[in-house]
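Notes for the structure review
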Amino acid sequence: MSFIKGLFPGAILTWLISLILGSNHTKGGFLDIFRTDIAGIAFYWSWPLFVAATAISWAIFWMME
């Protein structure tokens, strides 16, 4: 259950950081921020950042149980 709870803050954190860095036209180095288009909606995303943010959120929620 902690993992599922950790997905939402991980996704929000990824979206916000990718939005800030992507709008400044940077790749973010290891973060590999890219612009994607899903169903006509374009936004910036980073899979490595999503995995790291979700793991941190998951650990925090797990420690709170």
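Up top is the structure.
Every chain is numbered on its own, with residues counted from 1 as its sequence reads. At least 70 in pLDDT is required for a residue's local features to be given in this predicted model, at least 80 for side-chain atom pairs to be given and counted, and no such filter applies to totals for whole chains, interfaces and linings, which use all residues. To obtain the side-chain values, all non-hydrogen atoms of the structure were used and water was disregarded.

The next subject is helix α1 (residues 2–23). By definition, any uninterrupted DSSP run of H or I lasting at least four residues is a helix, any uninterrupted run of E lasting at least two residues is a strand, and each is numbered from the N terminus. Multiplying 1.5 Å by the helix residue count minus one yields the expected span of that helix. With 22 residues, α1 should cover 32 Å at 1.5 Å per step; its first-to-last C-alpha distance of 32 Å lies within 8% of that length. Between buried and exposed lies partly exposed: a residue is buried under 20% and exposed over 50% of the maximum accessible area for its type, with that area taken using a 1.4 Å probe on protein chains only. For α1, the complete set of buried residues consists of S2, G6, G10, T14, S18 and G22. Here, two residues are considered to be in contact whenever any of their heavy atoms come within 4.5 Å of each other. Buried positions along α1 lie against β2 (41–45) and α2 (47–64). Count one or two residues on from α1 and you reach H25, which has phi positive near 60 degrees.

This part covers α2. With 18 residues, α2 extends 26 Å from end C-alpha to end C-alpha; this agrees with the ideal 26 Å at 1.5 Å per step. Buried within α2 we find L49, F50, A53, T54 and S57. Around the axis of α2, the buried residues are gathered within 120 degrees of arc, so they sit on the same side. Residues V51, I56, W62 and M63 are exposed on α2 and point more than 90 degrees away from its buried face. Here a polar contact is recorded for every N or O atom pair within 3.5 Å, except that within protein the pair must consist of a potential hydrogen donor and a potential acceptor, and residues adjacent in sequence are included only if both atoms are side-chain atoms. Sitting at the amino-terminal end of α2 is S46, which places a side-chain oxygen 3.3 Å from the backbone nitrogen of L49. This arc is taken over the directions from the axis of the helix to the C-beta atoms.

Our focus in this paragraph is a nonpolar patch on the surface. Side chains of M1, F3, I4, F8, I56, W58, I60, W62, M63 and M64 sit close together on the surface and give an oily, nonpolar patch of about 1,200 Å² of accessible area. Of all the elements in the fold, those that place two or more residues in the nonpolar patch are α1 and α2. With six residues, α2 is the largest single contributor of residues to the nonpolar patch. With respect to the helices and strands, W58 occurs in helix α2. Candidates for patches are residues over 30% relative accessible area with no salt bridge; among them, like charges are joined within 9 Å and nonpolar side chains (Val, Leu, Ile, Met, Phe, Trp, Tyr) within 5 Å. Reported accessibility uses the Shrake-Rupley method at a 1.4 Å probe radius. Residues are deemed covered only where the shown protein chains occlude them. Salt bridge, as used here, is a side-chain nitrogen of Lys or Arg placed within 4 Å of a carboxyl oxygen of Asp or Glu.

By the convention used here, strands pair only if DSSP detects at least 2 bridges between them. The pairing of strand β1 (residues 34–38) with β2 spans five bridges and is antiparallel. Considered in β2, the bridge of T36 is made with F43. Hairpin remark: β1 followed by β2, antiparallel, with two residues in the connecting loop; positive phi at A39, about 55 degrees.

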